[in-house]
Amino acid sequence: MEMFLMGLCMSVFGLGIAAVAFGAATRSESSKSAVQPELPLVKAVAPARFFSDRVAAPPTVPIAASPRQVPIEVLLLQIENHVRMEQAAAESFLAFPTQALLHSKTTSPFVN
Amino acid sequence: MTHDLLNGLSPADVEQVLALGTRMIVPSGTSLFQLGDPADRLFLTERGRIRLTLPMHVRDREENVFVEERSPGQTVGWSALIPPYRFTLTATAALHEAAVIALPREALSGYFAANPSAGYKIALNLAVVIGHRLQLFQTMWLREMQRTVEVRSV
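Residue positions are counted from 1 within each chain, in the order its sequence is given. Going through the entries in the order they are written, you letter the chains from A and number the ligands from 1. The model is predicted, so local features are restricted to residues of pLDDT at least 70 and side-chain atom pairs to those at 80 or more, both for listing and for counting; the totals for chains, interfaces and linings are taken over all residues.

S.K.: Explain the overall build of chain A here, please?
M.R.: The helix count covers DSSP runs of H or I at least four residues long, the strand count covers runs of E at least two residues long, and both are numbered beginning at the N terminus. Broken down by element type, chain A carries five helices and zero strands. For chain A, the N- to C-terminal ordering of α and β elements is α-α-α-α-α. Counting all 112 residues of chain A, 4% fall into the buried class. With C-beta atoms placed from the backbone, the exposure class of a residue follows from how many other C-beta atoms lie within 10 Å of its own: 20 or more, buried; 12 or fewer, exposed; in between, partly exposed.

S.K.: Could you clarify how one ought to interpret the sheet that holds strand β6 (residues 75-76) of chain B in this entry?
M.R.: Strands in a sheet are paired, the pairing made by backbone hydrogen bonds, and the direction either parallel or antiparallel. All names here are of chain B. Any two strands are treated as partners once DSSP identifies two or more bridges connecting them. Strand order across the open sheet formed by four strands is β1-β8-β3-β6, with antiparallel pairing between neighbours. At either end of the open sheet lies a strand with only one pairing partner, and these are β1 (22-26) and β6. Pairing of strand β3 (residues 41-47) with β6 involves two bridges; the strand directions are antiparallel. Paired with F43 across the bridge in β6 is V76. Residues are treated as contacting if the C-beta atoms built from their backbones sit within 7 Å of each other. For helices, the axis comes from a line fit to the C-alpha atoms of the stretch in contact; other axes are also lines fit to C-alpha atoms, and the angle between any two N-to-C directions lies between 0 and 180 degrees. Each of β3 and β8 (98-104) touches helix α2 (residues 105-114); the most contacted strand, β8, lies at about 60° to it.

S.K.: Would you mind going over the sheet that holds strand β5 (residues 61-70) of chain B with me for this structure?
M.R.: Taken together, the four strands give an open sheet; going across it, the order is β2-β7-β4-β5 (chain B), and neighbouring strands pair in antiparallel fashion. The sheet is open, and its two borders are formed by β2 (31-33) and β5 of chain B, each paired with just one other strand. Mean inter-strand twist for the sheet, computed between neighbouring axes without regard to direction, equals 40°. Alignment of β2(B) against strand β7 (residues 90-93) of chain B, held across two bridges, turns out to be antiparallel. Within the sheet, the bridge partner assigned to B:S31 lies in β7(B) and is B:T92. Set on the sheet, helix α4 (residues 72-95) of chain A makes contact with β4 (50-58) and β5 of chain B; between it and β5(B) the angle comes to about 35°.

Honestly, that's just the spatial picture; any functional story needs more than this.
Written out as structure tokens, the structure reads:
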């Protein structure tokens with residue numbers, strides 16, 4: 001009888017240890033799984049920063065587009081000045097044809 | 001006033017040629033002819049400046065962009081003597097009104113037939129005008145091409 005009770009106690013004790021061990025194991029898995037989702041979360045943040053970087057880039061667009069803000073009359077005048085300078089350069093070449101004069105630079109904003 | 005088209009002609013021939021034409025006043029900003037118009041007259045510039053322009057798309061708008069300017073003594077509209085007799089540019093009086101002599105092609109052709117010697121000299125003068133335009137724009141085209149090549153090879 002004593003042996004039976006001792007065996008029962010040992011079984012209950014073993015069962016308790018197994019339950020605690022199982023609980024601990026289960027808890028650690030759940031805590032691991034709680035950490036793992038953070039990784040994708042960090043990964044999810046990275047693209048957001050990437051896109052936010054790309055969004056931050058557009059300030060250059062208005063700068064690049066700023067020449068479009070020049071009034072069209074000014075732009076047409078610039079084109080006319082460019083044509084006049086190019087004609088003058090071409091006339092110089094025709095008067096004295098050399099390779100240097102053929103490719104001489106003007107001060108036109110369209111080529112500088 | 002001497003006209004580049006009439007270089008080398010005797011004063012009597014010059015007078016006869018000019019007598020074929022009609023003097024016209026072109027108010028500032030007014031077109032003498034438009035791109036694509038039938039070219040039945042050529043013009044000798046007497047006063048003011050004539051702007052030659054071509055249409056170009058600038059910011060979704062079609063603008064007449066400056067190509068060349070003709071001064072007193074220079075010829076405008078030689079397309080009147082060259083098939084298919086269509087103007088390839090638009091000519092407009094610049095800031096001030098201009099005065100030109102309009103010479104009809106038919107009258108000139110008749111004069112050339114009756115005066116081959118004078119017609120030959122005028123044809124040579126016309127070749128100089130056209131040749132200069134060709135050389136000028138050939139040079140300008142090459143300069144632009146050179147820049148395009150430089151930009152693309154960077």
